[in-house]
Amino acid sequence: MIATEKIEAAKEKFGQLLEEQLRRVEEMKAQGDFIDYQSLDQIIIGVCGGDGIGPAITAQAQRVLEYLLKEEVKTNKVVFRTIDGLTIERRAAENAAIPPAVVEELKKCHVILKGPTTTPRKGDPWPNVESANVAMRKELDLFANVRPVRIPEQGIDWTFYRENTEGAYAVGSQGIHVTEDLGVDFTVVTSQGTERIIKAAFEFAKANGKTRVTAVTKANIIKTTDGKFLDTFREIAKEYPDITADDWYIDIMTAKLIDEKRRKDFQVVVLPNLYGDIITDEAAEFQGGVGTAGSANIGKRYAMFEAIHGSAPRMVQEGRDQYADPSSIIRAGAMLLGHIGYPEKADKLYRALDICTTTEKKVVITGRDTGATGAEFADYLMKTIEKLK
Ligand code: IPM
Ligand code: MG
């Protein structure tokens, strides 16, 4: 093919991407408000174990949630539904990020508790299917990735609002190799997508007595997409005169997070997808690593709660999955409880997690038979909750 033909082929592919994204804009415009879970007759919690250690730790999280929701389960106000099939084997067999039958099941639930899923990389034995996380965020339009990091003794109390459906991730697997020598990826921003994540961050701040919301971009360089994110942030900030709104560039923000004197000042941070991905791993590291953090993926109709860490296939190969630490997915479970309208139960679970993993630590998990199993940890947690009553 001569160059002009290659350019034409690339333009055609680019045109299709634009059409898809404009369709997404129309869908966002047509969307209603957030669902009110408590007004439903029944709340369906879907549970996907995922891969590797996922089923083992997710089962423990489900036990703890069932314990906290005993009454609600008895009266059928809340039901748990197991969703099979979100495994790398099945995804590989169907060559799908999420098998269509699983998507259908997910859409019958209101909220989802999800264990880690394998994201294939080039060179893995699996076909290079898209990440199940990313696909689920897009499929269920889970636009707000909320990741809290709290270290009370260091004065750290951060909540990150990572945009979850746009930016570098929107068409991250659909870049174009124009010629053998030239490859192009695309970053996507929309007014609707930007407004909803920034509003969600300010609304969270307002509802939780936070006094500062910070936007993080690289708008000095990435002028169109990050520029729009920042302009939108400044516009929306005017609607919240009691909240201080400031903005940082991602490079210096990353540095300031390790500055002990300055980092305490951050409260709520709102940022585009890729920056949010990177900075939330850095932030979680202060708290004890990504294994300790939970993550909520929230949309107007659906929400999904997950651990940030991976599926640790080696632990399963070595027969150690029952020793895997379930605290991250249990923390995600606490976020789920808060989200569906049980803030007191969520609070109890957070307090018990603090006691069991930081202050008291009577049961310690090491990841091997030198420590407790996930089930023993969950027992300890439930006993601790019992005492909080
Ligand atoms: C995360 C993860 C995912 C992401 C991966 C597993 C696709 O790193 O949830 O932060 O990049 O978003
Ligand atoms: Mg990440």
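Everything numeric in this text was worked out from a predicted model, so none of it was measured.

Notes on helix α2 (residues 54-68)
Stage number 1. The first and last C-alpha atoms of α2 sit 21 Å apart over 15 residues, in line with the 21 Å expected at 1.5 Å per residue.
Stage number 2. Listed in full, the buried residues belonging to α2 are G54, I57, T58, Q60, A61, Q62, V64, L65, Y67 and L68.

Quick notes on the site of ligand 1
Stage number 1. T119, S131, V134, R137, R147, R162, Y169 and D277 make up every residue found near ligand 1.
Stage number 2. In the environment of ligand 1, an oxygen atom lies 2.7 Å from a nitrogen or oxygen atom belonging to the side chain of R147.
Stage number 3. Between an oxygen atom of ligand 1 and a side-chain N or O atom of Y169, the distance comes to 2.6 Å.
Stage number 4. In isolation ligand 1 offers 320 Å² of accessible surface; the protein chains occlude 76% of this area.
Stage number 5. In the shell around ligand 1, the residues fall into 2 nonpolar, 2 polar and 4 charged.

Side note on the pairing of strand β11 (residues 294-298)
Stage number 1. Among the 5 residues that make up β11, 5 are buried, leaving the element largely enclosed by the rest of the structure.
Stage number 2. Burial of the side chains of β11 extends over both faces: G294, A296 and I298 are buried on one face and S295 and N297 on the other.
Stage number 3. In this sheet, strand β12 (residues 303-307) lies alongside β11 in antiparallel orientation, the contact comprising 5 bridges. Counted as the bridge partner of G294 is A307 from β12.

Structural notes on the packing of α2 against helix α15 (residues 374-388)
Stage number 1. Two numbers describe how α2 lies on α15: the axes approach to 9 Å, and their chain directions differ by 20 degrees. Considered as vectors, α2 and α15 are oriented roughly parallel to each other. Seen along the crossing, α2 lies across α15 with a hand that is right-handed. On the side of α2, the interface is formed by Q60, R63, V64, Y67 and L68, while α15 contributes G374, A375, A378, D379, L381, M382, I385 and E386.
Stage number 2. Considering only residue class, the contact of α2 with α15 consists of 8 nonpolar, 2 polar and 3 charged.

Analysis parameters
- Residues numbered from 1 in each chain as written.
- Chains lettered and ligands numbered in written order.
- Predicted model: local features only at pLDDT ≥ 70, side-chain atom pairs only at ≥ 80, totals over all residues.
- Heavy atoms only, no water.
- Helix = DSSP H or I, 4+ residues; strand = E, 2+ residues; numbered from the N terminus.
- Expected span 1.5 Å × (residues − 1).
- Buried < 20%, exposed > 50% of the residue type's maximum accessible area, 1.4 Å probe, protein only.
- Near = heavy atom within 4 Å.
- Polar contact = N/O pair within 3.5 Å; in protein donor to acceptor, adjacent residues only side chain to side chain.
- Areas by Shrake-Rupley, 256 points an atom, 1.4 Å probe, with all protein chains shown as cover.
- Nonpolar A, V, L, I, M, F, W, Y, C, P; charged D, E, K, R; others polar.
- Pairing = 2+ DSSP bridges.
- Axes fitted to C-alpha atoms, helices over the stretch in contact; angles between N-to-C directions.
- Parallel < 35°, antiparallel > 145°, perpendicular 65-115°, else oblique.
- Left-handed = near helix turned anticlockwise from the far one by under 90°.
- Contact = heavy atoms within 4.5 Å.

Fair warning: the whole summary comes from geometry, so function is off the table for now.
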